[in-house]
Amino acid sequence: MEYTIIAKDLEKTYVVKRGLVRRRIERVKALRGVSFRVRRGEVYGIVGPNGAGKTTTIKILSTLLLPDKGEAHILGYNVVTEAQRVREVIGVSLTVERGFFWKLTGYENLKYFGMLRGLRGKHLEERVNYVLDLVGLKKLGGDKKFFEEYSLGMKARLSIARALLHNPEVIILDEPTLGLDPPSARSIRELLVKLAKESRKTVLITSHNMYEIEQICDRVAVIDKGRIIAEDTVNRLKTMVSREVSVEIEVLKPRVSTSEIAELFSRELSAKVIVNTDEKGLTRIKALVPFGEDAEFIHRAVAVLQRTGAKLRSARIVEPTLEDVFIKLAGRER
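Below is a short write-up of the structure. (Residues numbered from 1 in each chain as written. Predicted model: local features only at pLDDT ≥ 70, side-chain atom pairs only at ≥ 80, totals over all residues. Heavy atoms only, no water.)

**Re the environment of Val80**
Part 1 of the reasoning: Checked against the element boundaries, Val80 lands in the loop between β5 (77–78) and α2 (83–89).
Part 2 of the reasoning: Val80 gets classed as partly exposed once you look at its relative accessible area, which sits at 42%.
Part 3 of the reasoning: Taking C-alpha positions, Val80 is 19 Å from Lys54, a pair spaced 26 residues apart along the chain.
Part 4 of the reasoning: Leave out the neighbours within four places in its chain, and Val80 touches Leu66 and Pro67. (Helix = DSSP H or I, 4+ residues; strand = E, 2+ residues; numbered from the N terminus. Buried < 20%, exposed > 50% of the residue type's maximum accessible area, 1.4 Å probe, protein only. Contact = heavy atoms within 4.5 Å.)

**Structural notes on the sheet that holds strand β2 (residues 24–39)**
Part 1 of the reasoning: Spatial strand order, β2-β1-β4-β5: 4 strands in an open sheet with antiparallel pairing. For this open sheet the edge positions go to β2 and β5, each flanked by a neighbour on one side alone.
Part 2 of the reasoning: In terms of strand pairing, strand β1 (residues 3–18) meets β2 through 13 bridges, oriented antiparallel. In the strand pairing of β2, Ile6 is matched with Arg37.
Part 3 of the reasoning: Contacting β1, β2 and β4 (69–74), helix α1 (residues 54–61) crosses the sheet at an angle of about 65° to β2. (Pairing = 2+ DSSP bridges. Axes fitted to C-alpha atoms, helices over the stretch in contact; angles between N-to-C directions.)

**Describing the packing of aromatic side chains**
Part 1 of the reasoning: One pass over the structure, following the stated rule, counts 9 aromatic pairs.
Part 2 of the reasoning: Measuring from centroid to centroid gives 5.8 Å for Phe100 and Phe113, while their planes differ by 85°, and the two rings are edge-to-face. Separated by 13 residues along the polypeptide, Phe100 in the loop between β6 (90–93) and α3 (106–116) and Phe113 in helix α3 bring together distant segments of the chain. In this structure, Phe100 and Phe113 share a single accessibility class: buried.
Part 3 of the reasoning: Aromatic side chains Phe265 and Phe297 sit 6.2 Å apart centroid to centroid with 50° between the ring planes, which places their arrangement in the tilted category. Taken together, the positions of Phe265 in helix α9 (residues 258–269) and Phe297 in helix α10 (residues 294–306) put the pair 32 residues apart, joining distant regions of the chain. (Phe/Tyr/Trp six-rings, centres within 6.5 Å; stacked < 30°, edge-to-face > 60°.)

**Observations regarding the nonpolar core**
Part 1 of the reasoning: Of all hydrophobic cores here, the largest spans 50 residues; its most connected members are Leu110, Leu158, Leu192, Ile205 and Val220.
Part 2 of the reasoning: Setting aside anything within four residues of it in sequence, one finds Val220 in contact with Gly45, Val47, Ile213, Ala230, Glu231, Asp232, Val234, Leu237 and Leu322. (Core = buried A, V, L, I, M, F, W, Y, C linked by side-chain atoms within 4.5 Å.)

**Things to note about unusual backbone geometry**
Part 1 of the reasoning: We note that Glu175 has phi near 50°; this positive angle belongs to a residue other than glycine.
Part 2 of the reasoning: If you trace the backbone, Glu175 turns up in the loop between β7 (170–174) and α6 (182–197).
Part 3 of the reasoning: By relative accessible area, which is 14% here, Glu175 ends up buried.

**Here's the deal with α9**
Part 1 of the reasoning: The terminal C-alpha atoms of α9, which comprises 12 residues, lie 16 Å apart, in line with the 16 Å expected from a rise of 1.5 Å per residue.
Part 2 of the reasoning: Among the residues of α9, Thr258, Ile261, Ala262, Leu264, Phe265 and Leu269 are the ones counted as buried. One side of α9 holds all its buried residues, which, seen down the axis, span an arc of 155°.
Part 3 of the reasoning: Lining the buried residues of α9 we find β12 (273–277), β13 (282–290) and α10. (Expected span 1.5 Å × (residues − 1). Arc of directions from axis to C-beta.)

**Structural notes on a positive patch on the surface**
Part 1 of the reasoning: There is a patch of like positive charges on the surface, built from Arg32, Lys225, Arg227 and Lys272.
Part 2 of the reasoning: Note that Arg32 resides in strand β2.
Part 3 of the reasoning: Relative accessible area serves as the criterion here: at 35%, Arg32 is assigned to the partly exposed category. (Patch = residues over 30% accessible without salt bridge, like charges linked within 9 Å, V, L, I, M, F, W, Y side chains within 5 Å. Areas by Shrake-Rupley, 256 points an atom, 1.4 Å probe, with all protein chains shown as cover. Salt bridge = Lys/Arg side-chain N within 4 Å of Asp/Glu carboxyl O. Lys, Arg positive; Asp, Glu negative; His and termini not counted. Charge placed at Lys NZ, Arg CZ, Asp CG, Glu CD.)

Note that every value here comes from positions in space, so none of it alone points to a role or purpose.
Right, here's the structure in full:
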């Protein structure tokens, strides 16, 4: 089996200055021996809580950071000693807004970046038009609009188009659909699968969106506190919670924060939960419960929530998902 990305025992420590009056220096261990391999034609996902080490990992693979220990290779090239060769074969998108010229059109932006990549003449124009059409920007008029007129979804499409401009064999994307509306996110997910399956590209993504990861990734690595704590296909990862059920509770207007709700469930119910509140004030709590204990858990959970002043909207039991695996392994508020 051909592996296009190989990371072995990667370690990275940041030196951080804390305090305004009494300055002190702290060493933060971001990666603690991260190892994984990604195959050609595969969509590989890295998931984990904030601060788990996802972005540090892909920045090392993208030659933007040097590891303290360990090594990584892309298509056989060492990301440290052969960084320039690595940059020639990867396409990277770490943000959807930075790095573009706001007073240039999408076409003009890509033409500029294509020239930086060494593309010239007719081949440059063909590649620019091809990737604009591939990501759906031509039908949205994005080739003629100034970047400052772009919606967030159009910016995300242009960022991916820039990553694909020189036809790289490996594509590395950090949160590619963050903040996008559902149609734009779906379009990008479909594009990534197409690139992997039809064009045999290697696609490596990070995401907090468990639904997205579950839909498009062939394999997933769960990273927490700088270590990969699980790695497998989505279906095999789900077997880790096969003896448990997922309980989802929705409430309105609790008087406490999401972090305080998570602490209440941990202290009084000994349960790891994920708690999110949307813009309309609807708070969703998700927990894993052993088979046969779900009814009692819901009864006790509702009693705890009522003390916060929350109004119960719904409570249900659902089949295990990748998010449930995340709760079981990491169990932190996102």
